[in-house]
Amino acid sequence: MAEHGVAKVWRKQQEIYRIQGNHCKTCDRHFFPPRPVCPECRRKGDLETYKFKGLGKIHTFSVVRQAPEDFKRQVPYIVAQVELDEGPRLTAQIVNCDIESVYVGMRVRACFRKITEYGPGGIIVYGYKFEPTMRVTGHE
Amino acid sequence: MSKKVAIAGVGMSKFGELWNKNLRDITLEAGMAAIIDAGVAGADIEAVTIGNMSAGRFTGQEHLGALAVDMGGLGDIPAYSVEAACASGGAAIRHAYMAIKSGEHDVILVLGCEKMSDVNQTEAMKTISVASDWEWEGMLGATFPALYAFMARKHMLDYGTTDEQLSLVAVKNHKNAVDNPYAQFRRELPLEVVMNSGYLADPIRLLHSSPITDGAAGVIMCTEEKAKEFTDTPIYVESSAQASDTLALHEREDITTMGAVVESTGTALDRAKCSIEDIDVFELHDSFTISEIMLTEDVGIVEKGKGGEAVEKGLTQIDGEYPVNPSGGLKARGHPVGATGVAQLVELYHQVKGDAGKRQVPDTERGLAVNIGGTGATSIVHIVGR
């Protein structure tokens, strides 16, 4: 048996490291995480792999102040639904941002961060978090 | 095939942190109470359905169907465990409803149970989180309160719902629970206390959230013919409906509406051939106070966006036009996740029967319960009437 969590994370590296989803050529919708079937076109759908640009804006957010063990050390932290420019939304932490200055509509971009670790003997999980675009690029 | 499905009797364990009892004790207690209330003999019971979300993680015990039949001394009858996260209880009711409707069984004992206080609070939170899309929400740091906070913040932005309105739901439900002997919190909660409670996940405060609860509830469901043998005044399940939505909240176009609730309520009302105006009492799934506000809108009590106003104006109080959660709801009666859906039916049974005591909504003929799982990915609606 794999060490705790290894296989679970390993098999979705592409998705959580690169924000890789898919795109339906029939209806032009993007999906993240990738879907096995296009919910619009079903069997008529034609799905291709798509790497998202990692740019978007905050759709809604919360500041987590009571968290399970895996995240306790990070409290308080911002978690948000990010609406990617290509359309789909995903849930992610917002970093490089004070909890007072986050707002709905804020432009954010993806960054690569440590998410959590699966205790002693377990692996460290890396993946996407998002940060305000202004902080990094100096412009919207 | 039975035309009508009846409820012949109900029972509940006390809801709360029951440290000196285990899962078997409370489930047996609720089941026995229902059997005695209905006046059925053990030999009359043809099957058991049991709703439970996560006994495996909360207590280390699964295979609850066989356990219930064994502990209840019910012989070799079939038993079905049903899981639909926090809607597991509702799912067990619906499962029995379908089995009776189809003619497969005539008398079924429906149970719902959860023992949550055997693990610590953070472990309980983690277990609850698996009702959302764990891989794409929970694992990335979104706790269950945070997901409801997403909805609350959006509802506040889109419709001007306030912190005070969210808090008033808790105040109302605590007030109702004072008169419910089975409730976890039988005390009133002043508005200032709710509004000064700390944030779990902004804008969701501690006292906007349902508690960690141990509890079980039981219902005897049967055909119309059998019910008449057991009791002179059976209550009927007039309709049962269920719908699904995306598991992950971020996949929904509008996160301030629970599409599955709208869908299943519509179907339930159609099947019972009535409109929302014909419903006298509601048990709505208030795992967080924002969900009661959203559900008052989604079932059609008020139009979209007016849920906050409804509680503020007293529309949803016991003496209001649309009484919601006279039992105290999940907030104050307590929310043992797998038991909640069954407990909602127990309350409607008492309300429709007219024996709900001080929390009785006058002249109640028909009640509606909405039991949701996760952040609304499952919605199960039952209409109960005379």
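Before any of the text, the structure's been laid out above.
Values in this document were obtained by computation on a predicted structure and should not be read as measured data.

Colleague: Give a detailed account of the overall build of chain A, specifying residues and quantitative values.
Modeller: Counting secondary structure elements, chain A contains 3 helices and 8 strands. Along chain A, helices and strands appear, N-terminal first, in the series α-α-β-β-β-β-β-β-β-β-α. In terms of its C-alpha atoms, chain A occupies a principal-axis envelope of roughly 45 × 45 × 25 Å. Residues classed as buried in chain A amount to 45% of the 140 residues present. Restricting to contacts in chain A with at least 6 residues of sequence separation, those with at least 24 account for 49%. Surface exposure of chain A reaches about 7500 Å², of which carbon and sulfur atoms provide 50%. In chain A, which carries 23 positive and 16 negative side-chain charges, the distance between the mean positions of the two groups comes to 3 Å.

Colleague: For the sheet that holds strand E1 (residues 20-24) of chain A, give the residues involved together with the corresponding values.
Modeller: As a general point, the strands of a sheet are linked pairwise by backbone hydrogen bonds and lie either parallel or antiparallel. Residue and element names in this part refer to chain A. Pairing within the open sheet is antiparallel, and its 3 strands lie in the order E2-E1-E3. In the strand order of this sheet, the two ends are held by strand E2 (30-31) and strand E3 (47-51), each with one partner. Of the pairings in the sheet, the one linking E1 to E2 comprises 2 bridges and is antiparallel in character. Looking at E2, one finds that Asn-22 is bridged to Phe-31.

Colleague: Quick rundown of the interface of chain B and chain A? Include the residues and the values.
Modeller: Residue-level contacts link 31 residues of chain B with 34 residues of chain A. Carbon and sulfur atoms supply 57% of the area that chain B and chain A bury against each other, a total of about 2900 Å² over both sides. Counting the contacts that link chain B with chain A gives 4 salt bridges. One salt bridge connects A:Arg35 with B:Glu251, and the closest N-O pair in it is separated by 3.5 Å. The interface formed by chain B and chain A contains 14 residue pairs in polar contact (both at pLDDT 80 or more). For the side of chain B that touches chain A, the secondary-structure elements that each account for two or more residues are helix H5 (121-129), helix H6 (144-159) and strand E5 (199-201) of chain B.

Colleague: Can you break down helix H14 (residues 340-353) of chain B residue by residue, with the values?
Modeller: Residue and element names in this part refer to chain B. In this model, H14 (14 residues) spans 20 Å end to end at C-alpha, consistent with the 20 Å of a helix rising 1.5 Å per residue. Within H14, 13 of the 14 residues are buried, which leaves the element mostly enclosed by the surrounding structure. One or two positions beyond H14, positive phi appears at Gly-354, with a value near 90°.

Colleague: So what's going on with the packing of aromatic side chains? Residues and values would help.
Modeller: Across all of its chains, the model carries 12 aromatic pairs over all chains by this definition. Ring geometry for A:Phe32 and A:Tyr128: centres 5.7 Å apart, planes at 70°, overall edge-to-face. On the criterion of sequence distance, the pair formed by A:Phe32 in the loop between E2 and E3 and A:Tyr128 in strand E8 (residues 124-132) is long-range, its members being 96 residues apart. Side by side, A:Phe32 and A:Tyr128 carry an identical accessibility label, which is buried. Taken together through their ring pairs, the aromatic side chains of A:Phe32, A:Tyr50, A:Phe52, A:Tyr128, A:Phe130 and B:Trp136 make up a single cluster. In this arrangement the basic side chain of A:Lys12 is found over the ring face of B:Trp136, its NZ or CZ atom lying 4.2 Å from the centre. For B:Lys4, the ring lying beneath its charged end belongs to B:Tyr236, and the centroid distance is 4.0 Å.

Colleague: I'd like a description of the nonpolar core, backed by residues and values.
Modeller: By size, the foremost hydrophobic cluster in this structure holds 86 residues, and its most contacted members are A:Tyr128, A:Phe130, B:Phe282 and B:Leu368. Here this core gets 8 residues from one element, more than from any other, and that element is H6(B). Discounting chain neighbours no more than four positions away, the residues touching A:Tyr128 are A:Glu15, A:Ile16, A:Ile19, A:Phe32, A:Leu90, A:Thr91, A:Ala92, A:Cys111, A:Ile115, B:Trp136 and B:Leu140.

Colleague: How would you summarise the pattern of salt bridges if you had to cite specific residues and measurements?
Modeller: Two side chains with opposite charge may pair up if their charged atoms get near one another. All chains considered together, the criterion is met by 27 salt bridges over all chains. With its nearest N and O atoms 3.8 Å apart, the salt bridge here joins B:Lys126 to A:Asp70. You can see B:Lys126 sitting in helix H5 and its partner A:Asp70 sitting in the loop between strand E4 (55-64) and strand E5 (77-84), one on each of two chains. One salt-bridge network, in which partners are shared between bridges, spans A:Lys57, A:Glu83 and A:Arg89.

Colleague: Just give me the short version of the sheet that holds strand E11 (residues 378-385) of chain B, but keep the residues and values in it.
Modeller: Residue and element names in this part refer to chain B. Sheet architecture is open: 9 strands sit in the order E3-E2-E4-E7-E1-E8-E11-E10-E9, paired in mixed fashion. One side of each edge strand has no neighbouring strand; the edge strands of this open sheet are strand E3 (79-82) and strand E9 (281-284). Across this sheet, the average inter-strand angle for adjacent strands is 25°, counted without regard to direction. The pairing of strand E1 (residues 5-12) with strand E8 (residues 235-244) spans 3 bridges and is classified as antiparallel. Its bridge partner lying in E8, Ile-7 is registered against Ile-235. Relative to strand E10 (residues 366-373), H14 is tilted by about 170°, and along the sheet it contacts E1, strand E4 (107-115), strand E7 (214-223), E8, E9, E10 and E11.

Cut-offs applied
- Per chain, residues are indexed from 1 in the order of the written sequence.
- By the order in which they are written, chains take letters starting at A while ligands take numbers starting at 1.
- Only residues with pLDDT of at least 70 get local features here, since the model is predicted, and only at 80 or more are side-chain atom pairs given and counted; chain-wide, interface and lining totals rely on the full set of residues.
- Each side-chain value is worked out from all heavy atoms of the structure, with water and hydrogens disregarded.
- Secondary structure elements are taken from DSSP: a helix is a run of H or I of four residues or more, a strand is a run of E of two residues or more, and numbering for both begins at the N terminus.
- Only protein chains enter the accessibility calculation, which uses a 1.4 Å probe. A residue is then buried if its area is under 20% of the maximum for its type, exposed if over 50%, and partly exposed in between.
- Contacts were defined at the residue level, with two residues in contact if any of their heavy atoms lie within 4.5 Å.
- Only the protein chains shown count as cover for residues, and all accessible areas are computed by the Shrake-Rupley method using a 1.4 Å probe.
- Note that His is not counted, nor are the chain ends; the positive residues are Lys and Arg, and the negative ones are Asp and Glu.
- By convention, the point assigned to a charge is CZ for Arg, NZ for Lys, CD for Glu and CG for Asp.
- Criterion used throughout: strands pair if DSSP finds at least two bridges between them.
- Take the accessible area each of two parts loses on contact, using a 1.4 Å probe, and add the two losses: that sum is the buried area.
- By salt bridge we mean one thing: a side-chain nitrogen of Lys or Arg within 4 Å of a carboxyl oxygen of Asp or Glu.
- N or O atoms within 3.5 Å of each other form a polar contact, as long as, within protein, one can give a hydrogen and the other can take it, and as long as residues adjacent in sequence are counted only when both atoms are side-chain atoms.
- By this rule the span expected of a helix is its residue count minus one, scaled by 1.5 Å.
- In this scheme Phe, Tyr and Trp rings, the latter by its six-membered ring, pair at centre separations within 6.5 Å, and the angle between planes marks the pair as stacked below 30 degrees, edge-to-face above 60, and tilted otherwise.
- Charge-over-ring contacts are defined here by two conditions on Lys NZ or Arg CZ: a distance within 6 Å of the ring centre and an angle within 35 degrees of the ring normal.
- Think of a nonpolar core as a cluster: buried Ala, Val, Leu, Ile, Met, Phe, Trp, Tyr and Cys residues, connected wherever their side-chain atoms sit within 4.5 Å.
- Here the axes come from fitting lines to C-alpha atoms, over the contacting stretch only for helices, and the angles between their N-to-C directions go from 0 to 180 degrees.

Structural measurements only, silent on function.
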